[in-house]
Amino acid sequence: MFMTIRELLEKQYLEKDDIKQLLATSGEEMQMLFHKAQEVKFSALDNFVHLRGLIEYSNKCRKSCLYCGVRSNNTNIERYTLTDDEVVECAKLSHKLGYGSVAIQSGERSDKAFTDKITTLIKRIKEIDGGSLGITLSLGEQSDEVYREWFEAGAHRYLLRIESSNEDLYYKIHPHDERHDFHKRLACIDSLLSIGYQTGTGVMVGLPFQTIDILADDLIFFRQKDVAMVGMGPFIPHPDTPLYKYADQIPPVQERMDMTLKMIATLRLMMPEINMVAATANQTIDPMGREKAIMAGANVIMPNLTPNEYREDYLIYPDKACVSDKPEECFSCLDIRMKAIGHKILYNAWGDSVAFTKKKAKSER
Ligand code: 5AD
Ligand code: FES
């Protein structure tokens, strides 16, 4: 049954057809969706924005995702790994700037030297000011044991995007082999949830072969898994990757941006209390992209703290925003930008997912 946008925006539970209708809005109706998502966010989470200082630990990667600039087959970049001291310095800077949390992201490796190293780094970061920094990891697929080891060392949030919840599309954007296995990825997300991480997942928006039907299923997947955090950003074709050949067949930049914002806004209606990041990819295709994502319902920003000399080699996609900005510049820039759109950065706090915290309290009752 067709409903007016006003009726849809008041519905308590969005069915798949409702979601598809919201994702198909444009013009004034799309603005009404953003406005409603903002209202829902303010009543659930206030106007707070949480920060995580992003540390891009290493671009060495054993995988070859067909969209990603750090894929192992790309020989046009220099491979680096930060030293332990560099990581700890980044974390100290995050603490000094009042960000409250760090996020460690890396190309995927699963050898023991790597996983042990991460454990050591988590412990060292936990030593800063009596464990005052929250730690998010984004280190790909690992065994249950490794996930548990890192959790016990002090990490409490983990991001692992599903990239697409549609198995066919998943294999159009990844090689189909034992290193890129859709079911393994699902199993990893389940493992993270059961270990007790605040678990985040997400997708890219505007991929070749992606449809509104698939995008609606992505949102339903997040709801079914009851995740604590979601990250969604526009797909940006990278010239040194196989998917670049579809660059002229995907929706134009403006459409990818709008669809990303509609995904964020619709999910905010479906999951009012989760954390949603305004991905850097938004800002890469639109100078106001991060602000737009915040105004469509996102509530987290991950300012980059990676030492500038390495950033050119962590270009997952081309023309990444802020590559040449110094951390201190980002700091004041962000504060001003957020105030300008009626938001308030919450400093010196972990900024946990309210959805997760409430669920945990309920299960312990
Ligand atoms: N465009 C946009 N996002 C990308 N990512 C990887 N490559 C691209 C790209 N070309 C995203 C993936 C990954 C996250 C770290 O970056 O979703 O999970
Ligand atoms: Fe490194 Fe996808 S290319 S995890």
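Residues numbered from 1 in each chain as written. Chains lettered and ligands numbered in written order. Predicted model: local features only at pLDDT ≥ 70, side-chain atom pairs only at ≥ 80, totals over all residues. Heavy atoms only, no water.

What follows concerns the nonpolar core. In terms of nonpolar packing, the biggest core is built from 96 residues, with L137, W150, F222, M232 and L267 touching the most fellow members. Take this core: its biggest share by element is nine residues, from helix α10 (residues 253–270). With 15 residues, the next largest nonpolar core counts Y67, I77, F235 and Y246 among its residues. (Core = buried A, V, L, I, M, F, W, Y, C linked by side-chain atoms within 4.5 Å. Buried < 20%, exposed > 50% of the residue type's maximum accessible area, 1.4 Å probe, protein only. Helix = DSSP H or I, 4+ residues; strand = E, 2+ residues; numbered from the N terminus.)

The next point concerns unusual backbone geometry. A positive phi angle, close to 65 degrees, is found at D46, a residue other than glycine. Checked against the element boundaries, D46 lands in the loop between α3 (27–45) and β1 (48–51). Positioned with a positive phi, F209 is a non-glycine residue whose angle comes to about 75 degrees. Inspection of the secondary structure assignment puts F209 in the loop between β6 (198–205) and α9 (212–225). Look at F209 and you get partly exposed, because its relative accessible area is 41%.

In the structure shown here, the tally under the stated rule is 24 salt bridges. Notably, a salt bridge pairs E273 with K358, separated by 2.6 Å at the nearest N-O pair. Here E273, found in the loop between α10 and β8 (275–278), pairs with K358, found in helix α15 (residues 354–364); they are 85 residues apart in sequence, far enough to count as distant. Take E273: its relative accessible area is 23%, and that puts it in the partly exposed class. One network of salt bridges, with partners in common, ties together R62, K63, E108, E141, E163, K184 and R185. (Salt bridge = Lys/Arg side-chain N within 4 Å of Asp/Glu carboxyl O.)

Across all of its chains, the model carries 10 aromatic pairs by this definition. Taking 6.5 Å as the distance between ring centres and 80 degrees as the angle between the ring planes, the aromatic pair formed by Y147 and Y197 counts as edge-to-face. Linking Y147 in helix α6 (residues 144–153) with Y197 in the loop between α8 (182–195) and β6, this pair joins segments that are 50 residues apart in sequence. Residues Y147 and Y197 agree in their burial class; the two are buried. The cationic tip of K172 hangs over the ring face of F209; the distance from NZ or CZ to the ring centre is 5.0 Å. Cation over ring: R223 sits above Y13, and NZ or CZ is 4.0 Å from the ring centre. (Phe/Tyr/Trp six-rings, centres within 6.5 Å; stacked < 30°, edge-to-face > 60°. Lys NZ or Arg CZ within 6 Å of the ring centre and 35° of its normal.)

Quick look at the pairing of β8 now. Of the two faces of β8, the one carrying N275 and V277 and the one carrying M276 and A278 are both buried. Across four bridges, strand β7 (residues 229–234) lies against β8 in parallel orientation. Directly across from G231, in β8, lies its bridge partner V277. At this point the chain moves from β7, through α10, to the parallel β8, and the crossover so formed is right-handed. (Pairing = 2+ DSSP bridges. Right-handed = clockwise from strand over helix to strand, strands pointing away.)

Here we take up the site of ligand 1. Surrounding ligand 1, one finds Y67, C68, Q105, R161, E163, M204, P234, F235, I236, I316 and Y317. In the model, a nitrogen atom of ligand 1 is placed 3.0 Å from a nitrogen or oxygen of the Y67 main chain. Here a nitrogen atom of ligand 1 and a backbone polar atom of I236 are 2.8 Å apart. Alone, ligand 1 offers 400 Å² of accessible surface; in the complex the protein occludes 87% of this. Classifying every residue of the shell around ligand 1 by side-chain character gives eight nonpolar, one polar and two charged. (Near = heavy atom within 4 Å. Polar contact = N/O pair within 3.5 Å; in protein donor to acceptor, adjacent residues only side chain to side chain. Areas by Shrake-Rupley, 256 points an atom, 1.4 Å probe, with all protein chains shown as cover. Nonpolar A, V, L, I, M, F, W, Y, C, P; charged D, E, K, R; others polar.)

Here we take up α8. Between its terminal C-alpha atoms α8 stretches 20 Å, which fits the 20 Å expected from 14 residues at 1.5 Å a residue. Residues F182, R185, L186, C188, I189, S191, L192 and I195 constitute the buried set of α8. For α8, the elements touching its buried residues are α6, β5 (157–159), α7 (167–173), β6 and α9. Sitting at the amino-terminal end of α8 is D181, which places a side-chain oxygen 2.8 Å from the backbone nitrogen of H183. Phi turns positive, to about 110 degrees, at G196, one or two residues after α8. (Expected span 1.5 Å × (residues − 1). Contact = heavy atoms within 4.5 Å.)

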